[in-house]
Amino acid sequence: MKRESGMQDDKVSLVEMGPRDGLQNEASTLPLVQRLELIARLAESGLQRIEVGAFVSPKKVPQMADSAELFKALPRKGPTRYGALVPNLQGLQAAIAARADEIGLFTACSDGFTRANIGIGVEESLVRFAPLVLEARRLGIKVRGYLSTVIACPFDGPTRPKRVAAMAERLLDLGCHEISLGDTIGVGTPGTVAPMLDAVLHEIPAGRLAVHFHDTYGQGLANLLPALERGIRTIDCSVAGLGGCPYAPGASGNVASEEVVYLLHGLGMSTGVSLDKLAATGQWVSEQLGRPNGSQVGQALHANAERLRMRLCQSSSH
Ligand code: HMG
Ligand code: MG
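Residues numbered from 1 in each chain as written. Chains lettered and ligands numbered in written order. Predicted model: local features only at pLDDT ≥ 70, side-chain atom pairs only at ≥ 80, totals over all residues. Heavy atoms only, no water.

Visitor: Could you clarify how one ought to interpret the overall build of the protein chain in this entry?
Guide: Scanning the protein chain from terminus to terminus reveals twelve helices and ten strands. Relative to the 2.2 N^0.38 estimate, which gives 20 Å for 318 residues, the radius of gyration of the protein chain is 19 Å and therefore close to what a compact globule would have. Each of the three principal axes of the protein chain carries a C-alpha extent, and together these read 70 × 50 × 35 Å. Residue burial in the protein chain is summarised as follows: out of 318 residues, 53% are buried. Within the protein chain, counting contacts between residues at least 6 apart in sequence, those at least 24 apart form 74% of the total. A total of about 13,600 Å² of accessible surface is found on the protein chain, and carbon and sulfur atoms cover 54% of it. (Helix = DSSP H or I, 4+ residues; strand = E, 2+ residues; numbered from the N terminus. Rg over C-alpha atoms; globule rule 2.2 N^0.38 Å. Buried < 20%, exposed > 50% of the residue type's maximum accessible area, 1.4 Å probe, protein only. Contact = heavy atoms within 4.5 Å. Areas by Shrake-Rupley, 256 points an atom, 1.4 Å probe, with all protein chains shown as cover.)

Visitor: Quick question: what am I supposed to make of the pattern of salt bridges here?
Guide: The final tally for this structure, using the stated rule, is 18 salt bridges. Arg-144 is the partner of Asp-236 in a salt bridge, and the nearest nitrogen-oxygen pair spans 2.9 Å. Residue Asp-236 is found in strand E10 (residues 234–237), and its partner Arg-144 is found in strand E5 (residues 142–148); the two are separated by 92 residues along the sequence. Arg-144 matches Asp-236 in its accessibility class, with the two residues each being buried. Where Glu-306 meets Arg-309, a salt bridge forms, and the shortest distance between an N and an O atom there is 3.0 Å. Placement of the pair is Glu-306 and Arg-309 together in helix H12 (residues 296–317), with a separation of three residues, close to one helical turn. Put simply, Arg-49, Arg-81, Glu-102, Arg-144, Glu-178 and Asp-236 are held in one network by salt bridges that share partners. (Salt bridge = Lys/Arg side-chain N within 4 Å of Asp/Glu carboxyl O.)

Visitor: How should I be thinking about the packing of aromatic side chains in this particular structure?
Guide: In this description, a pair of aromatic rings is defined by centroid distance and the angle of the planes. Overall, the coordinates contain one aromatic pair when judged by the stated rule. Its end group placed over the ring of Tyr-146, Arg-20 keeps NZ or CZ at 5.8 Å from the ring centre. (Phe/Tyr/Trp six-rings, centres within 6.5 Å; stacked < 30°, edge-to-face > 60°. Lys NZ or Arg CZ within 6 Å of the ring centre and 35° of its normal.)

Visitor: What is the right way to look at the environment of His-265 in this model?
Guide: In this fold, His-265 is placed in helix H10 (residues 257–266). Under the relative-accessibility criterion, His-265 is labelled partly exposed at 33%. Between the C-alpha atoms of His-265 and Val-12, which are 253 residues apart in sequence, the distance is 10.0 Å. For His-265, the residues in contact, after removing those within four places along its chain, are Thr-271 and Val-273. Only 2.6 Å separates the side chain of His-265 from the side chain of Thr-271, close enough to count as a polar contact. (Polar contact = N/O pair within 3.5 Å; in protein donor to acceptor, adjacent residues only side chain to side chain.)

Visitor: How should the nonpolar core be read in this particular structure?
Guide: Considering soluble globular proteins, one finds that nonpolar side chains tend to be buried as a cluster. Counting 87 residues, the largest nonpolar core has Leu-14, Leu-147 and Leu-181 as its most contacted members. Not counting residues within four places of it along the chain, the set of residues in contact with Leu-14 comprises Leu-47, Arg-49, Ile-235, Cys-237, Val-260, Val-261, Leu-264, Thr-271 and Val-273. With eight residues, the next largest nonpolar core counts Phe-113, Cys-153, Ala-248 and Ala-251 among its residues. (Core = buried A, V, L, I, M, F, W, Y, C linked by side-chain atoms within 4.5 Å.)

Visitor: Sorry if this is basic, but what is going on with the state of the cysteines here?
Guide: One covalent bond between the sulfur atoms of two cysteine residues makes up a disulfide. This structure, assessed with the given rule, holds zero disulfides. Here Cys-176 stays free of any disulfide, with the sulfur of Cys-109 as its closest cysteine sulfur at 13 Å. (Disulfide = S-S within 2.5 Å.)

Visitor: How should I be thinking about the coordination of the magnesium ion (ligand 2) in this particular structure?
Guide: All of the protein donors around the magnesium ion (ligand 2) are Asp-21 (OD), His-212 (NE2) and His-214 (NE2); their distances to the metal are 2.1 to 2.3 Å. Expressed as a motif, the donor residue spacing for the magnesium ion (ligand 2) is D-x190-H-x1-H. Note that Asp-21 is positioned in helix H1 (residues 18–22) and His-214 in the loop between strand E9 (209–213) and helix H9 (220–229), a separation of 193 residues in sequence. Of the two residues, Asp-21 and His-214, both sit in the buried class. (Donors = N, O, S within 2.8 Å, 3.2 Å for Na, K, Ca; no water.)

Set out below in structure tokens:
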């Protein structure tokens, strides 16, 4: 984000996490037909990258168990690309069979979280990923590298910025086209996010980075500012603030997509997303799940729409 000028021309790419990171950690499981409707609505609102599923152990994350069926039923028209998480060769084979447009491999800066999440340590995960990246790229499938615990680990404590930079570089060297920096438990503030980003940007250009902020402490939106100021233009977000990570105790959802779009449009940046359509989708999915809408922007727009509807009802009954 240029402080004085030029922000108006800036385009930001949003990577919608609701159907995967969101729904993997909701108390109630959304049936397949509703997940498909959610994805169709998100694509219709203008989102061009949506992570829709995960080819992981169904024992670990039962909410994602029907990802293969989901991929089979996706509407493949339009520009939207659909991604999936993959932890190992079995997951990669399933993602290839499902014709995922992009896969996300995931590791972390810390051993504690990595072991809880995928059952192996960080070093072992990189060894496991190397042939997976080669195979995916051979088939023309883009590989995103998720790097979790970039601020702190729920098991191992704070993460040093230099550790994040070194790990991000190693994922890039494996052949990932983009590294998504995850504040998995949402403990960062601009005070800790800025030095972490500076360390990473010392090694890696902003165009290869995405930020993935969970909003556990309500800092997700504030943390986007140092990222935008440093030229990062890919943001992970989750409609209605759905979700969290089942293997990060206490984590809540990603920063809400509606909040991100409202902020970016307010800064004169473009996203290609219709805020009205996105907010209606956030309200809809919250009602399907029987939970409050986790987006304040979504709540405000819904309240406005309800007031307008009441006024129209009253004037038509006179
Ligand atoms: P394991 O138990 O060590 O694996 O799990 P295993 O190889 O011994 O296999 C055990 C069983 O799992 C076998 O089945 C395998 O077939 C099956 P069984 O013989 O017992 O019936 N299995 C699989 N099934 C489906 N798909 C697969 C697969 N692999 C093995 N790909 C494993 C190791 C990695 C599979 C497991 O730990 C796992 O699935 N972990 C994923 C956990 C997860 O999805 N976490 C949430 C996503 S990460 C996240 O949210 C963070 C992120 O958002 C960024 C951030 O916020 O920081 C990305
Ligand atoms: Mg996450």
